[in-house]
Amino acid sequence: MELTLLGTGAPAGLPRPDCPCAVCAACVTGRTNARAATSVLVDGTVLLDLTPGPAFAAARAGRSLQGVRQVLLSHPHDGPAMELPAGLPAPLRVAERQDLALISGHRVRAVALDSPGTGYQVTGPGGDRLLYLPPGAAPAGLEEGGRGDAASVPYDMVLLDVLGRPEALARLREARAVGPATDVVAVHIDHGVPPGPELRRRLAAAGAHTEPDGTTLVVGDYPDVPEIPRRTLVVGGARSGKSAEAEQRLATFPGVVYVATGGKREGDPEWAARIGAHRERRPPSWRTEETCDLVPLLDKPGPPLLIDCLALWLTDAMDSVGAWDDSRWATVGARMLGERVDALVEAVRETRRTVVAVSNEVGSGIVPDTASGRRFRDELGRLNARFAAECEHVLLVTAGIAQPLRG
Ligand SMILES: [Zn+2]
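First, a word on scope: everything that follows refers to the structure included in this document. In this text, all values refer to a predicted model and were calculated from it rather than measured experimentally. (Residues numbered from 1 in each chain as written. Predicted model: local features only at pLDDT ≥ 70, side-chain atom pairs only at ≥ 80, totals over all residues. Heavy atoms only, no water.)

Notes on the sheet that holds strand β15 (residues 305–308)
Pairing between the strands of a sheet is mediated by backbone hydrogen bonds and can be parallel or antiparallel. Ordered in space as β14-β13-β15-β16-β12-β17-β18, the 7 strands form an open sheet in which the pairing is mixed. Strand pairing shows two members of the sheet lacking a second neighbour, β14 (287–290) and β18 (401–406), which therefore form its edges. Mean inter-strand twist for the sheet, computed between neighbouring axes without regard to direction, equals 20 degrees. Where strand β13 (residues 257–260) lies against β14, 4 bridges are found, and the strand directions are parallel. Bridging from a neighbouring strand, Val257 pairs with Arg287 of β14. (Pairing = 2+ DSSP bridges. Helix = DSSP H or I, 4+ residues; strand = E, 2+ residues; numbered from the N terminus. Axes fitted to C-alpha atoms, helices over the stretch in contact; angles between N-to-C directions.)

What about the side chain of His75?
Inspection of the secondary structure assignment puts His75 in the loop between β4 (70–72) and β5 (99–101). Setting aside residues no more than four positions away along its own chain, His75 makes contact with Pro11, Asp49, Arg93, Gly117, Pro134 and Pro135. (Contact = heavy atoms within 4.5 Å.)

Brief notes about the pattern of salt bridges
Scanning all chains against the criterion turns up 17 salt bridges. Here Glu2 makes a salt bridge to Arg63, at a shortest N to O gap of 3.2 Å. Taken together, the residues span a long stretch of sequence, with Glu2 in strand β1 (residues 2–7) and Arg63 in the loop between α2 (54–60) and β4 at a distance of 61 residues. A relative accessible area of 34% places Glu2 in the partly exposed class. Residue Arg349 is joined to Glu346 by a salt bridge in which the shortest nitrogen-to-oxygen separation is 3.7 Å. On the criterion of helical spacing, the pair formed by Arg349 and Glu346 is a turn pair, its members being 3 residues apart in helix α9 (residues 326–350). (Salt bridge = Lys/Arg side-chain N within 4 Å of Asp/Glu carboxyl O. Buried < 20%, exposed > 50% of the residue type's maximum accessible area, 1.4 Å probe, protein only.)

Description of helix α4 (residues 197–205)
Turning to α4, its buried residues number three or more, namely Leu199, Arg201, Leu203 and Ala205. Against the buried residues of α4 lie β10 (183–186), α5 (242–249), β17 (393–398) and β18. Positive phi shows up at Gly207, right after α4, with a value of about 70 degrees.

Observations regarding the coordination of the zinc ion
The zinc ion binds to the protein through Cys19 (SG), Cys21 (SG), Cys24 (SG) and His191 (ND1), with metal-donor distances spanning 2.0 to 2.3 Å. The coordination sphere of the zinc ion comprises 4 donor atoms, whose angles at the metal cover 105 to 112 degrees; the geometry is tetrahedral. (Donors = N, O, S within 2.8 Å, 3.2 Å for Na, K, Ca; no water. Tetrahedral: all angles 85-135°; square planar, octahedral: opposite > 155°, others 65-115°.)

Remarks on helix α6 (residues 269–281)
For α6, with 13 residues, the first-to-last C-alpha span of 18 Å sits near the 18 Å given by 1.5 Å per residue. Within α6 the residues assigned to the buried category are Trp271, Ile275 and His278. Each buried residue of α6 lies within a common arc of 60 degrees when the element is viewed along its axis, so the set occupies one face. Set apart from the buried face of α6 by more than 90 degrees, the exposed residues are Pro269, Glu270, Ala273 and Glu280. For α6, the secondary structure elements touched by its buried residues are α5, β13, β14, β15 and α8 (310–320). (Expected span 1.5 Å × (residues − 1). Arc of directions from axis to C-beta.)

The analysis is restricted to geometry; functional conclusions fall outside its scope.
As structure tokens, this is what we get:
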């Protein structure tokens, strides 16, 4: 199947009309960043979602709507009724789980969602399959053992709201409806993420990509499947947004193990509140482990690990080797800590798991007053450098903005 993306934006389009935000402003000035509401033409025959001016958008992409036999709507459209271009069949929403066989040889099946709207599975005459989901939607019934509407074979291509509803992709991955060879195309792009490199980086971390309006894609012809980053270190100062960035990077993956390295702190209400807040922010399919024992986790295969954070791991390690006592530090403490750091770095190098680790960037602040404070700062700087050396991706987060230092 050949797909032409007539639009790739959110229902209101990008920039949103009259929106004063910085992202919309950037989309006004950068002509290639503007996106019409998402609408996809499949083999010139099936139109998924109808947006204003489809004939014009098609013409701009070098396509015609004359051969369209079916117009399918995936979600209720707000605003005034859309003008239907002459010659187009009346749009239709297929009932849940209903099948539609088209004379062109395409088969369309409506996919049940967990929100108002309908997803569509389209099978081409050659047997290639794609899944198209409306904005903000995730498929329903995928997690109950059965695979719901998504068959056991991964789709060749899925088009969905990766940024607005990352757990939709996590669910599809969990049900194996999205596999390593599935082309994941982000559509319904809204003003949540600045266009350009930041948008590309965010989508690449999810194993997805987006294309400008007017692009034609061929299902199954996908030479550049973006490789999902394996090891990432996210560093930043206090309240820089580093934890949120790390969580976002794994939001499209199921079953992530969140490793809180503070250990079990019985009777520490502030710590309990912090863990509770993290837990609320995270998808329900994630699991939390409160431990500083990172090496066994890295050694065994399993779902992605989110380690938050290395500074607390180091605090625990320095506590346990007696690093705050000068004479003990000079005789055995430094050596024992070195062994622990070596073991951790070795485990990161050898791990087969996807890992995102968070750490504090403390070296550029004021010099700590105490010897133990300076010792901690120095050891954390060294640990960050050695951990970073084993990571394909390293990010620095400042004021909520992540800058890639590597990858
Ligand atoms: Zn805006």
